[in-house]
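Structure assessment
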Amino acid sequence: MSEYQDVYYKSSDGLTLYARDYPHSNPKHTILCMHGLSRNSADFEEIIPYLHKHSRVIAVDQRGRGKSDYDPSPENYLPTTYVQDMFSLINYLSLDKVTLLGTSMGGLMSMMMAAANPALFEGIIINDIGPVVDPKGLNRIKAYVGKTKPAKTWAEAADRIRELNGPFYPDFTDDDWAKFAKRTYHEDSDGAPVLSYDPNISKPIEQSEEAAVSPDLWPLFEACASIPILVIRGEYSDILHPDTVDEMKRRHPNCMGITIPRVGHAPILNEDKSIAAIANFLDDLK
């Protein structure tokens, strides 16, 4: 397992936010990993050993997740706020020529960040999301985020994860579900597993779908035309439709799309096809 350094930095509105920084003595790339709505930096544990061979890797906890402060104003739990936080981190670490790797919400953030400052980014890897988000998948996520039943034991935590995600990972073993739970929960002072996010992250999307996904993201995507993009889609995804991937490739001069078999939303990125595609994409970056 690659070792990381803890990074704590301030947001523009005064929260203390957290990231894992995996340093490299001579990196070919600097990769910023951004998780989905209810996840955290641990989501990238299984791909980071492959990324870290040649790159510096930074995996973040967005506000309200993991070791980052929870926001006392839930209305701030928006992609636009998270993007501001990411630019605060980039400035704090004095990063330049960054490659973005974003899963789900992190993929939306990648497009927003690259559209805002395309010269800063050398590549984008988008994991299972696009400018059009399937309402079926969005409604499924809205139905459980912030509403999952508590778990008293780690076995129960793994069962909760399996109940919510079983159809999307049909080949997972009991050990895989246990690892998934460890990435999604943390222990409280009594040793019981607790979900590693503020339940209030669900409030903005309950009030308005536009808080989660803007109704028209194609202009943002097209603003990234100068940046190479790799789109990874799970075969069983209910968030990213194959037609959307085809349209992304049609509209972008340097966009590649791959589908990971027997996985839904979202690929873990430890799949052989994911690892190979990401490695090839990074090798091709100038």
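Since we're looking at a predicted model, the values are computed, not measured. In this numbering scheme, every chain counts its residues from 1 along its sequence in written order. Predicted model: local features are reported for residues with pLDDT of at least 70 only, side-chain atom pairs are reported and counted for 80 or more only, and whole-chain, interface and lining totals are derived from all residues. In computing side-chain values, all of the structure's heavy atoms are included and hydrogens and water are not.

Brief notes about the packing of aromatic side chains
So the rule is basically this: By convention, a stacked pair of Phe, Tyr or Trp rings (six-membered ring in the case of Trp) has centres within 6.5 Å and planes under 30 degrees apart, an edge-to-face pair has planes over 60 apart, and any other such pair is tilted. For every residue, the accessible area (1.4 Å probe, protein chains only) is compared with the maximum for its type, and the residue is labelled buried under 20%, exposed over 50%, or partly exposed between those bounds. Only lysine NZ and arginine CZ atoms are considered, and such an atom sits over a ring when it is within 6 Å of the ring centre and within 35 degrees of the ring normal.
All chains considered together, the criterion is met by 12 aromatic pairs. Geometrically, the ring pair formed by Tyr-169 and Phe-172 is stacked, given 4.6 Å between the ring centres and 25 degrees between the ring planes. Owing to a relative accessible area of 3%, Tyr-169 belongs among the buried residues under this scheme. The lysine or arginine in question, Lys-182, covers the ring of Trp-154, its NZ or CZ lying 3.8 Å from the ring centre.

Concerning helix 6 (residues 174-184)
Here is the rule we go by: Only DSSP runs of H or I reaching four residues or more are called helices, and only runs of E reaching two or more are called strands; each is numbered from the N terminus. This arc describes the spread of directions from the helix axis toward the C-beta atoms.
All of the buried residues in helix 6 are Trp-177, Phe-180, Ala-181, Arg-183 and Thr-184. Down the axis of helix 6, the buried side of the element spans an arc of 160 degrees, and every buried residue falls inside it.

Observations regarding the environment of Tyr-70
Note the cut-off: Contact criterion: two residues are considered in contact whenever any of their non-hydrogen atoms come within 4.5 Å of each other.
Examined against the element boundaries, Tyr-70 turns out to sit in the loop between strand 4 (55-61) and helix 2 (79-92). Of the residues examined, Tyr-70 reaches a relative accessible area of 38% and is grouped as partly exposed. For Tyr-70 and Tyr-197, which are 127 residues apart along the polypeptide, the C-alpha to C-alpha distance reads 8.1 Å. Excluding anything up to four places from it in sequence, Tyr-70 contacts Leu-15, Gly-64, Arg-65, Tyr-77, Leu-195, Ser-196, Tyr-197 and Asp-198.

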